[in-house]
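What the coordinates show
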Amino acid sequence: MTGMNGENNKIIFLLLCFIVALFLLPGSFFAQAAASDTADCNINLGPCAKRIGAAEIILDITPRPVKVMKELSFTVILKGKRADRLILDLGMPGMYMGKNRVILEKTAGGTYKGKGVIPKCPSGRKLWRAVVYLPEAGNSTANNNTKADFLFNVTY
Ligand SMILES: [Cu+2]
């Protein structure tokens, strides 16, 4: 009997090693899935920039540090593309947090501003994703939009 359990434990141990290896293996699908759940924008240090095709999108959130349950100013500077207004969606990776949408109105050439609040997550997790939707040239419907993602940590 104990011999049998020992065999089973060995198999379980090897399986666990295999799963851990999948996550650690650079470039594997699992490593990428895990990597996408970390911040790529340190918003508390300053604005973050993303390039989507010919367009550059610079996102800033103030005041710093960026806190939950507090009115925040969202500023996007858009280069290489034109839009009358932009839509910014706030959400958490892998968790539905309701609809948190900020409309960014054009305040100057290429500058868009809006105000919004990031809700407090009951789980205590701090990673949020801001998605800026860019209208396609000649198509302002929501379906065909391209978008820029920013992953950042909030402060409690
Ligand atoms: Cu959450």
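The following paragraphs examine the structure supplied in this document. (Residues numbered from 1 in each chain as written. Predicted model: local features only at pLDDT ≥ 70, side-chain atom pairs only at ≥ 80, totals over all residues. Heavy atoms only, no water.)

What about the overall build of the protein chain?
Put simply, the test is: The numbering of helices and of strands both runs from the N terminus, where a helix is a DSSP run of H or I of at least 4 residues and a strand a run of E of at least 2. Partly exposed residues are those whose accessible area sits between 20% and 50% of the maximum for their type, while under 20% is buried and over 50% is exposed, using a 1.4 Å probe and protein chains only. By the convention used here, residues are in contact when the closest approach between their heavy atoms is within 4.5 Å. A 1.4 Å probe and the Shrake-Rupley method give the accessible areas. Residues count as covered only by the protein chains that appear here.
When helices and strands are counted, the protein chain shows two helices and eight strands. Reading the secondary structure of the protein chain in the N-to-C direction produces α-α-β-β-β-β-β-β-β-β. When the 156 residues of the protein chain are sorted by exposure, 33% land in the buried category. Of the contacts formed within the protein chain by residues at least 6 apart in sequence, a portion of 55% connects residues at least 24 apart. Just so you have it, the protein chain exposes about 9700 Å², and 59% of that area is on carbon and sulfur atoms.

A short note on the packing of aromatic side chains
Selection criterion: Centres within 6.5 Å make a pair out of two Phe, Tyr or Trp rings, where for Trp the six-membered ring is used; the pair is then stacked when the planes are under 30 degrees apart, edge-to-face when over 60, and tilted otherwise. A ring has a charge above it when a Lys NZ or an Arg CZ is no more than 6 Å from the ring centre and no more than 35 degrees off the ring normal.
What the rule picks out here adds up to zero aromatic pairs. Its guanidinium or amino end placed over the ring of Phe-150, Lys-50 lies 4.9 Å from that ring's centre, counting from NZ or CZ.

So, the pairing of strand β3 (residues 71-79)
Quick note on the threshold: For two strands to be treated as a pair, DSSP must find at least two bridges joining them.
With seven bridges joining them, strand β2 (residues 55-62) and β3 adopt antiparallel strand pairing. Considered in β3, the bridge of Ile-61 is made with Phe-74. In this sheet, strand β6 (residues 111-117) lies alongside β3 in antiparallel orientation, the contact comprising seven bridges. Within β6, the position partnered with Ser-73 by the bridge is Lys-115.

Looking at the sheet that holds β6
This is how it is decided: To get an axis, a line is fitted to the C-alpha atoms, and for a helix only the part in contact is used. The angle between two axes follows their N-to-C directions and goes from 0 to 180 degrees.
Taken together, eight strands build an open sheet; the order of strands is β1-β2-β3-β6-β5-β4-β7-β8 and the sheet is antiparallel. Edge positions in the sheet fall to β1 (48-52) and β8 (146-153), since each of these pairs with one other strand and no more. Recorded for the sheet is a direction-independent mean angle of 25° between the axes of neighbouring strands.

Looking at the coordination of the copper ion
Note the threshold: Coordination partners: N, O, S within 2.8 Å of the metal, 3.2 Å for Na, K and Ca; water not considered, so apparent gaps in a site are possible.
Looking at the metal site, the copper ion is ligated by Met-92 (SD), Met-95 (SD), Met-97 (SD) and Cys-121 (SG), spaced 2.2 to 2.4 Å from it. Read from N- to C-terminus, the donor residues coordinating the copper ion fall into the pattern M-x2-M-x1-M-x23-C. You can see Met-95 sitting in the loop between β4 (85-91) and β5 (101-108) and its partner Cys-121 sitting in the loop between β6 and β7 (127-134), a full 26 residues away along the chain. Met-95 gets classed as partly exposed once you look at its relative accessible area, which sits at 26%.

Let's talk about unusual backbone geometry
Here Thr-62 and Pro-63 are connected by a cis peptide whose omega angle stands at -5°. For Pro-63, the position within the fold is in the loop between β2 and β3. Pro-65 follows Arg-64 through a cis peptide bond whose omega is -5°. Its location among the elements puts Pro-65 in the loop between β2 and β3. If you check the backbone angles, Met-69 has positive phi at about 55° while not being a glycine.

Remarks on the side chain of Asn-100
Just so we agree on the cut-off: Polar contacts, as counted here, are pairs of nitrogen or oxygen atoms within 3.5 Å of one another; within protein the pair requires one atom able to donate a hydrogen and one able to accept it, and residues that are adjacent in sequence qualify only if both atoms are side-chain atoms.
With respect to the secondary-structure elements, Asn-100 resides in the loop between β4 and β5. Residue class for Asn-100 comes out buried when judged on its relative accessible area of 14%. Of note is the side chain of Asn-100, whose polar atom sits 3.1 Å from the backbone oxygen of Met-97. Setting aside residues up to four positions removed in sequence, Asn-100 forms contacts with Leu-88, Asp-89, Leu-90, Pro-119 and Trp-128.

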